[in-house]
Structure formats: C-alpha cells, structure tokens
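Analysis of the macromolecular model
Now for the letters of each chain:
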Protein chains: 2
Amino acid sequence: MTAEIITIGDELLIGQVINTNQAYIAEQLNGIGMFVERMTTTGDNARDILDAFGAGMARADCVVVTGGLGPTHDDITKKLVCEYFATDLVVNENVLEDIRVLLAKRNIAWRQSAYDQAMVPRSCTAIRNPNGTAPGMMFEQGGKYFFSLPGVPYEMRGMMENFIVPFFRSKNLDAVVLHRTLKTTGVGESILAEKIGDVADVIGTDGTVTLAFLPNPLGTKLRITVRETNIDAAEEKLRRAEAAIRSKAEKYIYASDDHDLEDIVNQLMRTRALTLATAESCTGGMIADRITNVPGASEFFLRGFITYSNLSKMEMLGVPLELLERHGAVSREVAEAMARGAREAARTDIALSATGIAGPSGGSAEKPVGTVWIGYSDPEGTFAVKFNFADDRFRFKQRASQAALELLRRRLLKIELQAH
Amino acid sequence: MTAEIITIGDELLIGQVINTNQAYIAEQLNGIGMFVERMTTTGDNARDILDAFGAGMARADCVVVTGGLGPTHDDITKKLVCEYFATDLVVNENVLEDIRVLLAKRNIAWRQSAYDQAMVPRSCTAIRNPNGTAPGMMFEQGGKYFFSLPGVPYEMRGMMENFIVPFFRSKNLDAVVLHRTLKTTGVGESILAEKIGDVADVIGTDGTVTLAFLPNPLGTKLRITVRETNIDAAEEKLRRAEAAIRSKAEKYIYASDDHDLEDIVNQLMRTRALTLATAESCTGGMIADRITNVPGASEFFLRGFITYSNLSKMEMLGVPLELLERHGAVSREVAEAMARGAREAARTDIALSATGIAGPSGGSAEKPVGTVWIGYSDPEGTFAVKFNFADDRFRFKQRASQAALELLRRRLLKIELQAH
C-alpha cells in the first residue's frame, strides 16, 4: 500500500517551523508496512490544498493530511475537505461530548467556537481527539483512504497512535516492516562503527535488513529495519541483527526503542529500592528535570539542590570555602564534595553532582568552556569523572545530564565507567 | 517571484531524517522576497523525481532541489537533471580543481569517483562547493530558474549563502516579505481570537498582510506576514498590524520573534538587579532548568530547591508539618510557605514555587491530576495562584513552568495576574 503525506501551513513555507510532523507520520506509516512515496507541503491556500488532495489521491492508496483544523480564520482544511468530498458539515455528538469534557477538565467556559469544532463532514468517520478540540476525519473512497488530522504535534500523534496505526494493523497489509532502535551513549559514532565492524555481518546481504547510525547530542541511535513478507521471518531477522550488534557493543546500549535513559534509571532505582538526590550547578536542574519526567520518580528521587552560586554550594551542600578557593568551583574536589554533601543532607543512598562551564563565557585556558565534572557518591565511596562537552549552552546541558545519568546506570549495573 | 523546493531522499520518506534543509531553504528564499508556494519530497526514484521537476517548473518561477548528488549508487539526481534539460555531462575544470584542492586539504587520495563528481551538465552554470566534492547546478530556462544542490546540510547552506542568495539579491526582486511573531501565554487560542476580534481590522483586506494563530503547550504565537513591493510600505504595514494586535492583547504578549519567556525574565531580572530562587515540587527542576538555559542566568539566579518529598519541603524550606498535614502538599498554603521559605533560605529578592499533581496517578476528586499551585514571594508579600494543566506529565511540567515564569514576568511589569 502506498501513501502520501500532505502538511499544510504557511509557517512551514516560510521556514519558521521545521516539519517534524511529516517525519513522524512517515515513520509510523512505514512501521505498519506502508510505502510513503511523496510528501507535499502547501500554504493555507485553497487552490494549492485542493490541488494537493487531488494529486495525492490520484497517485497513492492512502493520503494523510495535517494542519489547518483549528478554530481560527486561517484554518481552512475542514471546509476544503468538504469541498473535495462534496459533502457538508454536521454536528457529531461524540465529538461534542469530548469537547465538553476537555473544556470542563481545563476549566474553560463553553463557547461558540467549540461548537464549530464539533462539526464534521457528513460522509467521514470522525477520529476522536483526547488532547484537543479539533477532531480528525477519515474518508474511504474507491478503496483508498484519506485522513485529515490537526497540525498540533501531540494531538496528531495521539490520533496516529490510537486510530490510524491500529486501523491499518487490523487490515493485515501484505508487507511487514519491523524496526528496532538501540540507543547508545558515551561513545562516538565512528568508534561505535569500528566496534560493530563489517555491517554485512550484522544485516546480511539480501537487502531485507538495513542499519542506520543516527547521532544526536544524547548519543548515537542504531536503527535496524527489516522488510519482509511474513512476520516470522521478519522477527527472526530482527532478532539476529540485534543480537549481532549487542555482541559487539552491549555496554554502550542503554535502552531500546522508545525508552530514554531516565526511564532505565527509574526502573533500576525502583527495583533496587534505592533513593537519589542531585546537586547541580552547570546543568541548572536539567538532571532532576529529566528524572522527574518519568512517572514514579517520587518513589526514589527525594530532593535536588541547584547550587548556582558558591555560597549555595557551601550552605546547601557543606562544600568547604577552602576547596572552592583552592580548586575552583569546577574541579574534581568540588564535584565530589557536592555529591557527598547532597547524599548526607538528603540522607539518600546515592547522590549525583555536576559542576562545569556551560558557556558561552566563563572559560579559561586551563578550564575551557565545556569542561564538566560529574560526581557520584554512595556508601561505598565518592568519585568524579571529567568530560568536555564544548557545544552550545543547551546541548552542553543535555550532554552533561546524559553523562550523569549514564554514570548512574553503569554504576548500578557494575559496568566499567570509561567504557572505551 | 514564486519558488518551490524539492528534497530528494529515501531517508526522508521513512521518517529517519527530519527535513531541516527544506525549512532552511524556505527561510533563505523568503528573506530575499521569494514566495515559496510548495515543498515536495520524493524518494531516490527517477519517475517521481522527473515528475516533481516538471510540476515544479510548470508552476513556479524558481525551483530549488537538494539531495541525490553524492558519489554512491543511489545518487541519481545529476543524471535526471541532464535528462530533464536534454543535455549531457562534461568535465568542468574549475570544479575539478576545487575537488583536487579539497582532497589534498583532507589528505584523501585522488580517485575516479572524484573525477565523476567534476562532470556537470553542459548547459548549466556550475555552483562551486567549498565544503564537499559535489558541485551545484543552475539552469535558466524561459525566464525561470532551476537549482540543484547537494543534500549535505552544510554544503547546501554554503551554496545558498554564497551563490543563490547573492544572485537574487543582485536582481532586486520587486517583493519584500516581513514577519513578526508575537508570543502569548496564559490565554487560550479561541479567547485570544475573541480579544483580537475581526481580523480584517488588524490586517486590512488587500491581501498583503496575513495573520496566523500557532498554538503549542507554552501558549499561542501570532504571526504577522507582510508581502509588499517596497520596504517602507512593508514596514509601515507590519508596524500597524503589530500595534493593532498589541492594543487588544498586549498583556498576553510576553515576547516577539525568537525570544522565549526565560529570555525576557532574564532581561527583566538583570536590568532590575534582582535575585531569584526557585522551590519546585511537581515541576522537578524544569523552572530552574529553563532559567539556566539562558546565558547570564548566574547573575540573578542563585539557587533552586527541588523538594520532591514532604520531608525535603520541611527541611529545605521550613514548611511546617502542620500545614502539610492540614492542607496537603498541593495547596495554597504550602505553595506560599515554599516560596517564602525559599526566599528566606536563599536570601533572594524573589522566590517562585510550584506544587501540584503531574500525574498520571496521585489525583483525587478534590485535587485532580493537573492541579498546580504557583507561589510567589517578594518583600511586599507572598501569594499563590491555582491552575489546572491536565495533560501528559511532560506537558503538565511545561505548562506549569511557563505559568510560573509568566507570573514572575507579570509581577515585574505590574500586569494584573489573572488577565482574563
């Protein structure tokens, strides 16, 4: 089954917004065995949108459209969908009820625009939207499918995951595409490639399996993709490729597929019934922020200290003035004293600390921008490891928080810290 | 002058790579007064690529293509460009010399594939590539322009900046496009639309000005776009549209264009030489994390308390046990005690606090998931405001941190807190 994706919005044509919806939808459709053959972006312009609808439906078996479904004047997609499918708008009672519930939950008064949102084309199947007021729409015409979804990413994603993907899964398309993403950190892309060696040994040579290296500031993802005609063969090939990679790079792999490092740390800490505190200078709360993004964090994460000033390091963590003066705030000694002090003040099993120079200013020849010490303390001892993540300020924080969480993961799993 | 962008590559169609090239090219073309009307993505497939070339050149005055110019088997764009323009490949001596220099600089041995890279279509103008071996190509046909650039982002960017943008700048296109984005928060999209009222009063009716509403979890952006024939008229219209919106919705607008709420807070706090502390429960460090994403944060942000447990609220912030027992951790009283306690412990001018139920569990009929109290304390007094951001855990944190920063901004600017 072939598919095309149409994304609508002037903000895309002026380059103000990067089209992440397109990539997400492509990935999802791909995952259920559809071949996306073209992606088109148009502005909020009736002629161009109708033209794209017609061309997409003429070429592909399935067209997925996002954007232009909100309540304001520039949202014209619903009107054009009606025009394209020669139908009119009627109130959908289920959607109306969904909107009532959503507005009540958010404490927003009922208003006419909400009623307009509950109008859907007569001949469509309405797709319910738990995350917003604009419903999605599905049309079936001559054995082809047409979907229109809102452009707000999390609303669109909810409908892809809860409706479109299950809908096509239940249809048993005659192609199977499986993906497995193995997430690594603490190792560069090229070293990882060396460790893995000849890719043909991992994925074979018949073209049904592909391996992609996808680097980002948090590490390098390895994505295995298998395209097969039946599920058993596909699963067997995926299993074999994953095992081949793991045999060569296991220690760098912290998670697979949708799991993040903070999810893994959450599991490990809760399973072991250990408690954690954080003491952050340069990361400014990002380590704790990531830890607390995962449900259940309150079971093990008790408190965090954000000690941006020297005085706060002294008062909150008991770092001696003398250490700060002799070694500077960015030093092994201070990182260790922060971790030890956080563990003692919080009376937790483990504490992590981070002190470094995020930049853009504050660097020196001896301690350039990007220098960061990650500290760790538990009842067996306290130590700190130095990294350099020279980058922009935000990516520095991302990398430093990733290094801190990875240090915790490796320590919990007794994996050597400097893995390569 | 109208333009279309065509990006080529299977990696885009499976959603493995997000199409940042497209947005970059759109932004550049827009900046020199071109109207990008459509963006198309195809795979490494001759039929689809030729079809996209033909459709683009039929519709637009200028087509910019990226991708498929590398040395590997799946790079077929150059061959197809020859086919489309009915020409053949010849060696370009300048390009050949560029490649020799580049390979020498990188210590790479000369090879046949480098010679192939120096072949360009006979009827094109070669665009030199200082960052790689694949040259770009320009064709002029019937008053229209066609460009083919490599897909490697920094190679493509070099050619846009050094060749295409200056080329069109020198032509003095008779169009000017200006944008202004006004960022609002603390007000829903539909209420904002009501406040602004009849859009025609803001943007006029001659079609030269457009207004878009772009909602996201942090608020709604209003984007004004002006398309005019001369810069003075464009600036005047932009100024007028912005003033019209501000006259109706000023208090909701916290920043314009690329500035975030944390940038504005950073400016305000530093200008006033005030200091800040944060006390976070449900936001788990996100408020401090956002504050410290902005350079110069250390000038005003002294410390943060992440008090995930009741005990930490008592020990770190001096919240009385009796308050926690009587009102619960998620209450006006505790939010106020946290803000007051943080300000006293940190000896700052101002402190912000957040306590709430991020979910997915922990809610009750009286205090459902999404309930959050934001506290504020300064020498003039302490208070807390209640919100409900029922949503997923991460977006709850985003919204709650935005509400806290917005509360600080409004307080600093003496804007009423419950603005609607």
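Conventions used here
- Residues numbered from 1 in each chain as written.
- Chains lettered and ligands numbered in written order.
- Predicted model: local features only at pLDDT ≥ 70, side-chain atom pairs only at ≥ 80, totals over all residues.
- Heavy atoms only, no water.
- Helix = DSSP H or I, 4+ residues; strand = E, 2+ residues; numbered from the N terminus.
- Contact = heavy atoms within 4.5 Å.
- Lys, Arg positive; Asp, Glu negative; His and termini not counted.
- Charge placed at Lys NZ, Arg CZ, Asp CG, Glu CD.
- Domains from an automatic or database assignment.
- Buried area = accessible area lost by both parts, 1.4 Å probe.
- Salt bridge = Lys/Arg side-chain N within 4 Å of Asp/Glu carboxyl O.
- Polar contact = N/O pair within 3.5 Å; in protein donor to acceptor, adjacent residues only side chain to side chain.
- Nonpolar A, V, L, I, M, F, W, Y, C, P; charged D, E, K, R; others polar.
- Expected span 1.5 Å × (residues − 1).
- Buried < 20%, exposed > 50% of the residue type's maximum accessible area, 1.4 Å probe, protein only.
- Arc of directions from axis to C-beta.
- Pairing = 2+ DSSP bridges.
- Axes fitted to C-alpha atoms, helices over the stretch in contact; angles between N-to-C directions.
- Phe/Tyr/Trp six-rings, centres within 6.5 Å; stacked < 30°, edge-to-face > 60°.
- Parallel < 35°, antiparallel > 145°, perpendicular 65-115°, else oblique.
- Left-handed = near helix turned anticlockwise from the far one by under 90°.
- Disulfide = S-S within 2.5 Å.

1. Some thoughts on the overall build of chain A
Helices and strands together make up the secondary structure of chain A, namely 16 helices and 17 strands. Structurally, chain A occupies a C-alpha span of about 80 × 60 × 40 Å along its principal axes. Counting only contacts in chain A whose residues sit at least 6 apart along the sequence, the fraction spanning at least 24 positions is 67%. Distance between charge centroids for chain A: 4 Å, based on 47 positive and 54 negative side chains.

2. Some words on the domain arrangement of chain A
Often, the extent of an interface is quoted as the loss of accessible area on bringing the components together. Residues and elements named next belong to chain A. Along its sequence, chain A is carved into domain 1 (2–169), domain 2 (176–256) and domain 3 (265–412). Between domain 2 and domain 3, the C-alpha centre-to-centre distance is 32 Å. Each side of the interface is counted separately: domain 2 has seven residues, and domain 3 has eight residues. Among the residues of domain 2 in contact with domain 3, Thr185, Pro217 and Leu218 are the three that bury the most area, contributing 67% of the side total. Our enumeration of links across domain 2 and domain 3 arrives at zero salt bridges. For the pair domain 2 and domain 3, the interface holds three residue pairs in polar contact (both at pLDDT 80 or more). Of the residues contributing to the side of domain 2 that touches domain 3, the split by class is five nonpolar, one polar and one charged.

3. Observations concerning helix α10 (residues 231–249) of chain A
Residues and elements named next belong to chain A. For α10, which comprises 19 residues, the first-to-last C-alpha distance of 27 Å matches the rise-based estimate of 27 Å (1.5 Å per residue) to within 8%. Residues of α10 that are buried in the fold lie against β9 (176–184), α8 (189–196), α9 (199–203), β10 (209–216), β11 (219–228) and β12 (253–256). Between a side-chain oxygen at the N-terminus of α10 and the backbone nitrogen of Asp232 the separation is 3.0 Å; the capping residue is Asn230.

4. Some words on the environment of Gly284(A)
For Gly284(A), the location among the structural elements is in the loop between β13 (276–280) and α12 (286–291). Between the C-alpha atom of Gly284(A) and that of Pro379(A), which follows or precedes it by 95 residues, the distance is 25 Å. Setting aside chain neighbours within four positions, we find Gly284(A) in contact with Ile306(A), Tyr308(A), Gly285(B), Ala288(B), Asp289(B) and Thr292(B).

5. Observations regarding the interface of chain A and chain B
Contact with chain A, which involves 76 residues of that partner, is made by 78 residues of chain B. Taken together, the two surfaces of chain A and chain B that pack against each other cover about 6,100 Å², and 51% of this comes from carbon and sulfur. The largest per-residue losses of area from chain A upon contact with chain B belong to Ile14(A), Arg38(A) and Tyr308(A), which jointly make up 10% of the total buried on that side. At the surface where chain A touches chain B, the tally comes to 11 salt bridges. The closest approach of N and O atoms between Arg303(B) and Glu315(A), which form a salt bridge, is 2.8 Å. The tally of links from chain A across to chain B stands at 31 residue pairs in polar contact (both at pLDDT 80 or more). Of the residues contributing to the side of chain A that touches chain B, the split by class is 30 nonpolar, 24 polar and 22 charged.

6. Here's the deal with helix α3 (residues 46–59) of chain A
All names here are of chain A. In this model α3 runs 20 Å from its N-terminal to its C-terminal C-alpha over 14 residues, within 8% of the 20 Å that 1.5 Å per residue would give. Among the residues of α3, those classed as buried are Asp48, Ile49, Ala52, Phe53, Gly56 and Met57. The buried residues of α3 all sit within an arc of 155° when viewed along its axis, so they share a single face. Set apart from the buried face of α3 by more than 90 degrees, the exposed residues are Arg47 and Ala58. The opening residue of α3, the one whose side-chain oxygen lies 3.1 Å from the backbone nitrogen of Arg47, is Asn45.

7. Examining the environment of Arg157(B)
Tracing the chain through its elements places Arg157(B) in helix α7 (residues 153–169). Along the backbone, Arg157(B) and Gln28(B) are 129 residues apart, and their C-alpha atoms lie at a distance of 9.5 Å.

8. Topic: the sheet that holds β11(A)
Residues and elements named next belong to chain A. Spatially, the four strands line up as an open sheet ordered β10-β11-β9-β12, and their pairing is antiparallel. What marks the edges here is a single partner per strand, and that holds for β10 and β12. Each adjacent strand pair in this sheet contributes to an overall mean axis angle of 25°, direction not counted. Examined bridge by bridge, β9 and β12 share three bridges and lie antiparallel to one another. Across the sheet, residue Thr184 finds its bridge partner in β12, namely Ile253. In the packing of helix α2 (residues 20–31) onto the sheet, contacts are made with β9 and β11, and the angle to β9 comes to roughly 125°. Sheet contacts for α10: β9, β10, β11 and β12; angle to β9, the most-contacted strand, approximately 15°.

9. A word on the packing of aromatic side chains
By convention here, two paired aromatic rings are described through the distance between centres and the angle between planes. Residues and elements named next belong to chain B. Taken as a whole and assessed by the stated rule, the structure comprises 32 aromatic pairs over all chains. The interplanar angle of 5° and the centroid separation of 3.9 Å between the aromatic rings of Phe85 and Phe139 together place this pair among those described as stacked. Residue Phe85 is found in the loop between α4 (77–84) and β4 (89–91), and its partner Phe139 is found in strand β7 (residues 136–141); the two are separated by 54 residues along the sequence. With a relative accessible area of 11%, Phe85 lands in the buried category. Ring geometry for Phe139 against Phe146: centres 6.0 Å apart, planes inclined by 70°, an arrangement best described as edge-to-face.

10. Side note on unusual backbone geometry
Note the cis peptide between Gly359(A) and Pro360(A), where omega equals 5°. In this fold, Pro360(A) is placed in the loop between β15 (350–356) and β16 (371–378). Within the chain, Arg347(B) stands out as a residue other than glycine whose phi angle is a positive 50°. Inspection of the secondary structure assignment puts Arg347(B) in the loop between α15 (332–346) and β15 (350–356).

11. Some thoughts on the packing of helix α3 (residues 46–59) of chain B against α4(B)
Residues and elements named next belong to chain B. Axis separation between α3 and α4 bottoms out at 10 Å; the angle between their running directions is 50°. When the axes of α3 and α4 are compared, the pair comes out oblique. Taken as a pair, α3 and α4 cross one another with a handedness that is right-handed. Mapping the contact onto sequence places Ala46, Ile49, Leu50, Phe53, Gly54 and Met57 in α3 and Thr77, Leu80, Val81, Glu83 and Tyr84 in α4.

12. With respect to the side chain of Thr292(A)
Along the chain, Thr292(A) turns up in the loop between α12 and β14 (301–307). Excluding residues within four positions of it along the chain, Thr292(A) makes contact with Ala297(A), Phe301(A), Thr283(B), Gly284(B), Tyr308(B), Arg393(B) and Lys397(B).

13. Remarks on the pattern of salt bridges
Inspection of every chain in the model, using the stated rule, returns 54 salt bridges over all chains. Arg59(A) is the partner of Asp51(B) in a salt bridge, and the nearest nitrogen-oxygen pair spans 3.9 Å. With Asp51(B) in helix α3 and Arg59(A) in helix α3, this residue pair bridges two chains. Residue classification places Asp51(B) among the partly exposed positions, given a relative accessible area of 37%. With a relative accessible area of 36%, Arg59(A) lands in the partly exposed category. Put simply, Asp88(A) and Arg122(A) hold a salt bridge, and the shortest N to O gap is 2.7 Å. Placement of Asp88(A) in the loop between α4 (77–84) and β4 (89–91) and of Arg122(A) in the loop between β5 (119–121) and β6 (125–127) is noted, with a sequence separation of 34 residues between them.

14. Overview of the state of the cysteines
By the definition in use, this model includes zero disulfides over all chains. Cys124(A) supplies the cysteine sulfur nearest to Cys82(A), a cysteine that is in no disulfide, at a spacing of 8.0 Å.

15. Some points on the side chain of Thr87(B)
Residues and elements named next belong to chain B. Within the secondary structure layout, Thr87 lies in the loop between α4 and β4. Within the local environment of Thr87, its side chain forms a polar contact with the backbone nitrogen of Arg122, the two atoms lying 3.5 Å apart. Of the polar contacts made by the side chain of Thr87, one reaches the backbone nitrogen of Ser123; its length is 3.4 Å. Setting aside chain neighbours within four positions, we find Thr87 in contact with Cys82, Pro121, Arg122, Ser123 and Phe139.

16. Comments concerning the environment of Ala249(A)
All names here are of chain A. By the secondary structure assignment, Ala249 is in helix α10. Classification of Ala249 by relative accessible area gives buried; the value is 1%. Ala249 sits 56 residues away from Ala193 along the chain, and the two C-alpha atoms are 9.6 Å apart.

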